[in-house]
Amino acid sequence: MIRRSVVLLGSALVLVLLSVAWVVVPRLLPAGPRPAFQMPVACGEAWLLGTYPGHDDFDIDFFPVKGPAWGRPVLASFGGTVIEAGVNGTLGERTPQNPKGPHGTGAGYWVKIDHGGRWETQYLHLLEPPLVEVGQRVETGDQLGKVGSTGKSGAPHLHYEQRRSREKVEAYFDGVAAGITTDDREYSVRRTSKNCTPGAGAA
């Protein structure tokens, strides 16, 4: 009886250790090469990429150079698997019809994509529920949602992040650094999207 209990306890311990290794070991491995990320907006459009104090290093807010931001397509920067799609925090009440309504908390409607090699991207403050689901495979240029102002957002825009090994890093688009690094001051840069995969933007 005692021997059987020891065997069962040992088996349970092995299973626990294997489970821990399954979670921990991949996190210790170095990240793979940077994917060929593109801007998360439609081909040929010019956008201002900005930040401000307290926004966190490397976080980017996207605002279109021309026209309203509300409802513009938000596109996948690179192919991968959707690992988050839904609501983070609370939505608030800001809409195109009520742009000054009370804001919510957190990311609002958002999407997170795993690109493999320990690279991820995040897309926050979408106007409506995401057009993709957890577990879905997306390709560069696939539409994830629309620009909005849900969550803790002061105006319609897309908050975007690139992460390596779960840490935020400076975003690169079409192989070129975005230019948004620290949040020590308010500043912006102008960039034009080359997210020109055939069919990009289609829901």
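Quick notes on the rules
Residues numbered from 1 in each chain as written. Predicted model: local features only at pLDDT ≥ 70, side-chain atom pairs only at ≥ 80, totals over all residues. Heavy atoms only, no water. Disulfide = S-S within 2.5 Å. Helix = DSSP H or I, 4+ residues; strand = E, 2+ residues; numbered from the N terminus. Buried < 20%, exposed > 50% of the residue type's maximum accessible area, 1.4 Å probe, protein only. Salt bridge = Lys/Arg side-chain N within 4 Å of Asp/Glu carboxyl O.

A. Summary view of the state of the cysteines. Enumeration according to the criterion identifies one disulfide in this entry. Paired by a disulfide, Cys43 and Cys196 hold their sulfur atoms 2.0 Å apart. Here the S-S torsion is close to 80°, and the disulfide linking Cys43 with Cys196 is therefore right-handed. Highlighted residues: Cys43 in the loop between helix 1 (2–28) and strand 1 (46–51) and Cys196 in the segment after strand 13 (187–192), separated in sequence by 153 residues.

B. Structural detail: unusual backbone geometry. Positioned with a positive phi, Phe58 is a non-glycine residue whose angle comes to about 75°. Along the chain, Phe58 turns up in the loop between strand 1 and strand 2 (60–64). The class for Phe58 is partly exposed, based on a relative accessible area of 25%. Of note in the backbone geometry, His125 takes a positive phi value of approximately 70° without being a glycine. Structurally, His125 is set in strand 6 (residues 119–126).

C. Broad picture of the pattern of salt bridges. Following the criterion strictly, the structure yields nine salt bridges and no others. Among the salt bridges present, the one from Glu161 reaches Arg163, with a minimum N-O distance of 2.9 Å. Overall, Arg163 belongs to the buried group, its relative accessible area being 18%. One salt bridge in this structure joins Lys194 and Asp174, with 3.5 Å as the shortest N-O distance. A residue pair is termed long-range when its members are at least 10 positions apart, and Lys194 in the segment after strand 13 and Asp174 in the loop between strand 11 (172–173) and strand 12 (176–177) qualify at 20 residues. The exposed category is assigned to Lys194, whose relative accessible area is 52%. Because the salt bridges share partners, they merge into one network encompassing Asp56, Asp59, Glu161, Arg163 and Lys168.

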